[in-house]
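Descriptive analysis of the structure
So the chains spell out like this:
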Amino acid sequence: MEEKIIILDFGSQTTQLIGRRVRELNVYCEIVPYNKFPFDDKTVKGVILSGSPFSVNDVDAFKPDLSPIRGKYPILGICYGAQYLAYSSGGKVEKGDSREYGRAHLTKINSGEALFDGIAEGTQVWMSHGDTITLLPENFGIIASTADVAVGAYKINGEPTWAVQFHPEVFHTTDGTRLLGNFLNMCQMKRDWSPASFIDSTVAELKEKLGNDKVILALSGGVDSSVTAVLLNRAIGKNLTCVFVDHGLLRKNEFETVLRDYEHLGLNVIGVDAKQRFYKELAGVTDPEKKRKIIGKGFIDVFDEEAHKLKDIKWLGQGTIYPDIIESLSITGHVIKSHHNVGGLPEKMNLKLVEPLRLLFKDEVRRVGLELGMKEHLIKRHPFPGPGLGIRILGDITPEKVEVIQNADDIYIKMLREYGLYDQVWQAAAILLPIKSVGVMGDERTYENTVVLRAVTSTDAMTADWAHLPYEFLAKVSNEIINKVRGVNRVVYDISSKPPATIEWE
C-alpha cells in the first residue's frame, strides 16, 4: 500500500495548493474533511492542517478533537491550523490590530530546527489572516517570527508537531516548498510517488476491485475520460465498454473526430447519436444549474439504456478529477456549481461507480496519460466541460444557436493553433450571449448576436488568469467570426481571472 500524507481541510481556498506542492515533491497525499481522519488507514505517515475562512473564535468554526492524532503522527499546522492547535491547547488567539495580508519576512529563525533546514533568515513568506496567536501554551516554543508577528512559527515540545502562521504552499513564500519538503523528511516519506507509480498502483487496485466485472465508461473525447479509459483497459481489457454520446453540444465535427482518435487505443467504443433527445429536454430552459442537471441526467439515462443492452454491467466508469470534486461540494457546504460527474447515480441504474482519477489534478492526469503512451494531441487538448456548449450558450438552447457557437468556436480554436498560441493557453472557449446589438454590414443595419472569446492560463483549474493574447490575433479572430458566422455582429474578449470569475461562464 502507498504511504501517504493526510491534509485535513478546514475550508481554505489554498488547501488544494498544499496537496499540489506535496505531490510535486513526489509524495502521495489525500485531502479529507477536517473531521474525517482515516484512523484505520495504516499507510498515513503525517498530517497537515490547512487554513480556513473562519476565525478559531467564531461560533461556527471547525473545531475537531485533535488529541487522537497528536503525538501519533508528525503534524504541520498552517495558518488556521496553527492557531487552532494553540487555541485548543489553552493558548490565546485574538484579532490583530489590522488584517495581516501579503509579504512578510521571517526573523529569529531557530537554525537548529529541522523545519527550517536550509532556510535563511529574512526569507519571504505570505501572510493571510486577521487573527494572530498572542499567547502560546507552556509547552509550545517559538521557532520563527516576523516584524509584526512574534509567533511566526512554533514547535510543540515533546511531540512531532510544528505550525506556521503563514502559507508555505503559495508561490509568494520563497522557501515554502523547501519547508514542506523538510516536514515530509520528518515524516520519513520515501518521495517515490510519480505518474509511473500511480499507474502501477491504480491498475493493481482496479484489478482487485473490479475482478471479472464489466464496466461501462462515459467517453467525452477529453483528457480525463480518455486517460480513465486507458487505465481501465489496461486493468480489465475487453470487460470495458466505452460509450461516446453526441448530445448535440460538442464542438464542430467532434463526434466523428473523437471516434477516429480512439482507434489507436484499442478501446471498445459505442457511439450514440442523441442530439434530438437532448435538444428536446433542454428546450426553453435558461437556468444554468437546470441545464447542467438535465444534461447530466440525460447522460445517465443514455448510459442506463446502453448498459441494459449489454450483459452483466456492474460498474460505471467516469473521468472525474479532483477540481470537479472540490467545485461541486466545498468543505463549507457551499456549492459553486454542480458537475455532472459528481451528482451520483440514480438508483435505477444499479451500477457502482469507479473513478480512478478522482484525486488527481489536471496536469497530473496529463503526465499519467503521456506515461501510458497516449498521443500528445489527445493529452494536450484543452479541457472541455461535460455539458459542452450547453453551458457556453447563455440562455435557452436551440439547434440554431448551437450551430452559431460551433462555427465561432471552430474558427477560434483553429486560429489559436495556426498562430502557435494553442499550447500557451490552458483553456479557450467561445460563448454565445443572449444579447443582441446593433451593427452595420455593408449598407445594412444589423441586430445580431454577441460572441465572447475566453482564454485562460492555469496549471490546475483551481485558479486561472486571463490569457494575454496579442491584439492583432484577437482582431483577426473577431474579423473572421463576424465575416463567416451568420448571426454574429460583435465579438468581445473576457479579461476576468479566477477567482472571482469561473473559467466557464455557467
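Note on numbering: residues in each chain are counted from 1, in written sequence order. Reporting of local features is limited, given that this is a predicted model, to residues whose pLDDT is at least 70; pairs of side-chain atoms are given and counted only at 80 or more, and all residues count toward the totals for whole chains, interfaces and linings. To get the side-chain values, take all heavy atoms of the structure and skip hydrogens and water.

1. A short note on the overall build of the chain
Scanning the chain from terminus to terminus reveals 13 helices and 18 strands. The C-alpha radius of gyration computed for the chain amounts to 25 Å, which stays within 12% of the reference 23 Å derived for 506 residues, consistent with globular compactness. Principal-axis analysis of the C-alpha atoms places the extent of the chain at approximately 75 × 60 × 40 Å. The contacts of the chain with a sequence gap of at least 6 include a subset with a gap of at least 24, amounting to 74%. Approximately 22600 Å² of the chain is accessible, and the part contributed by carbon and sulfur atoms is 49%. Taking the average location of the 60 positive side-chain charges in the chain and that of its 67 negative ones, the two points are 3 Å from each other. What counts as a helix is a DSSP run of H or I of at least four residues, what counts as a strand is a run of E of at least two, and both are numbered from the N terminus. To get the radius of gyration, use the C-alpha atoms; to get the globule rule, take the number of residues to the power 0.38 and multiply by 2.2 Å. Residue contacts are counted whenever heavy atoms from the two residues lie within 4.5 Å of one another. In this description, accessible areas are obtained by the Shrake-Rupley approach with a 1.4 Å probe, and a residue is regarded as covered only by the protein chains that are shown. Charged residues are defined here as Lys and Arg on the positive side and Asp and Glu on the negative side; His and the ends of the chain fall outside this count. By convention, the point assigned to a charge is CZ for Arg, NZ for Lys, CD for Glu and CG for Asp.

2. Comments concerning the packing of helix α4 (residues 195-210) against helix α10 (residues 362-371)
For the pair α4 and α10, interaxial distance at closest approach is 9 Å and the crossing angle is 80 degrees. Overall, the two elements α4 and α10 adopt an arrangement that is roughly perpendicular. Contacts from P195, A196, F198 and I199 in α4 reach R367, V368 and E371 in α10. Three residue categories are used. Nonpolar comprises Ala, Val, Leu, Ile, Met, Phe, Trp, Tyr, Cys and Pro, charged comprises Asp, Glu, Lys and Arg, and polar comprises the others, including Gly. A breakdown of the residues in the contact of α4 with α10 according to their chemical character gives 5 nonpolar, no polar and 2 charged. Structural elements are reduced to axes, namely lines fitted to C-alpha atoms, with helices fitted over the stretch in contact, and the angle between N-to-C directions of any two is expressed from 0 to 180 degrees. For classification purposes, an angle smaller than 35 degrees is called roughly parallel, one larger than 145 roughly antiparallel, one from 65 to 115 roughly perpendicular, and anything else oblique.

3. Details of the pattern of salt bridges
Should a side-chain nitrogen of Lys or Arg be within 4 Å of a carboxyl oxygen of Asp or Glu, the pair is scored as a salt bridge. Following the criterion strictly, the structure yields 27 salt bridges and no others. The shortest N-O distance in the salt bridge between D224 and K362 comes to 2.8 Å. With D224 in helix α5 (residues 223-236) and K362 in helix α10, the pair connects residues that are 138 residues apart, well separated along the chain. Taking the relative accessible area as the measure of exposure, D224 reaches 13% and is therefore buried. Residue burial is assigned from relative accessible area. The probe radius is 1.4 Å, only protein chains are included, and a residue is buried under 20% of its type maximum, exposed over 50%, and partly exposed in between.

4. Quick word on the pairing of strand β12 (residues 269-273)
One bridge is not enough; two strands pair if DSSP finds at least two bridges between them. Pairing of strand β11 (residues 240-246) with β12 involves 5 bridges; the strand directions are parallel. Opposite F244, over in β12, you have G271 as the bridge partner. Crossovers are marked right-handed if the path from the first strand over the helix to the second runs clockwise, as seen with the strands pointing away from the viewer. Assessed by its sense of winding, the connection that carries the chain from β11 through helix α6 (residues 254-261) to β12 is right-handed.

5. Some remarks on the layout of surface pockets
Taken as a whole, the second largest pocket holds about 540 Å³ of empty space. Taken together, 21 residues form the lining of the second largest pocket, with Y28, E30, E205, P356 and L359 sitting closest to its centre. Elements with a minimum of two residues in the lining of the second largest pocket: α4 and β14 (352-354). It is α4 that provides the largest number of residues to the lining of the second largest pocket, a total of 6 residues. Residue composition of the lining of the second largest pocket, grouped by class: 10 nonpolar, 3 polar and 8 charged. Computed over the protein atoms alone on a 1 Å grid, cavities are sets of points where a 1.4 Å probe fits but cannot get out and pockets are open sets with protein on both sides within 12 Å along at least five of seven lines; a residue lines them when it has an atom within 4 Å of a point. Grid points are joined across faces, edges and corners, and a volume is the space filled by probe spheres set on the points.

6. Things to note about the nonpolar core
Take the buried Ala, Val, Leu, Ile, Met, Phe, Trp, Tyr and Cys residues and link them wherever side-chain atoms come within 4.5 Å; each set so joined is a nonpolar core. Ranked by size, the top nonpolar core spans 88 residues in total, and within it V227 and L469 carry the most contacts. Looking at this core, the element that brings in the most residues is helix α12 (residues 399-418), giving 9 residues. Residues I48, A104, V125 and F166 belong to the second largest nonpolar core, which totals 35 residues.

7. Description of the environment of Y447
Looking at where Y447 falls in the secondary structure, it is placed in strand β16 (residues 444-457). With residues near it in sequence (within four places) discarded, Y447 still touches K436, S437, V438 and N489.

8. Regarding the packing of aromatic side chains
Here a pair means two rings of Phe, Tyr or Trp (six-membered ring of Trp) with centres within 6.5 Å. Their orientation is stacked below 30 degrees between planes, edge-to-face above 60, and tilted elsewhere. Taken as a whole, this structure holds 17 aromatic pairs when the rule is applied. For the ring pair W466 and Y493, a centre distance of 6.3 Å and an interplane angle of 75 degrees mean the geometry is edge-to-face. With W466 in strand β17 (residues 465-466) and Y493 in strand β18 (residues 488-493), this pair connects stretches of sequence that are 27 residues apart. On the basis of relative accessible area, W466 is assigned to the partly exposed category, the value being 22%.

9. A short note on the side chain of E254
Counting through the fold element by element, E254 comes out in helix α6. Judged by relative accessible area, E254 falls into the buried class, the value being 8%. What qualifies as a polar contact is a pair of N or O atoms within 3.5 Å, subject to a donor-acceptor requirement within protein and to the restriction that residues adjacent in sequence count only when both atoms come from side chains. A distance of 2.5 Å separates the side chain of E254 from the side chain of R381, its partner in a polar contact. Among residues more than four places away in sequence, those in contact with E254 are F244 and R381.

10. What to know about the packing of helix α7 (residues 275-282) against helix α8 (residues 288-309)
Between α7 and α8, whose axes approach to 10 Å, the crossing angle comes to 145 degrees. Of the two possible hands of crossing, α7 and α8 adopt the one that is right-handed. Contacts from R277, F278, E281 and L282 in α7 reach K291, I294, I295, G298, F299, D301, V302 and E305 in α8. Classifying every residue of the contact of α7 with α8 by side-chain character gives 6 nonpolar, 1 polar and 5 charged. Crossing handedness follows the turn of the near helix against the far one: under a right angle anticlockwise gives a left-handed crossing, and clockwise gives a right-handed one.

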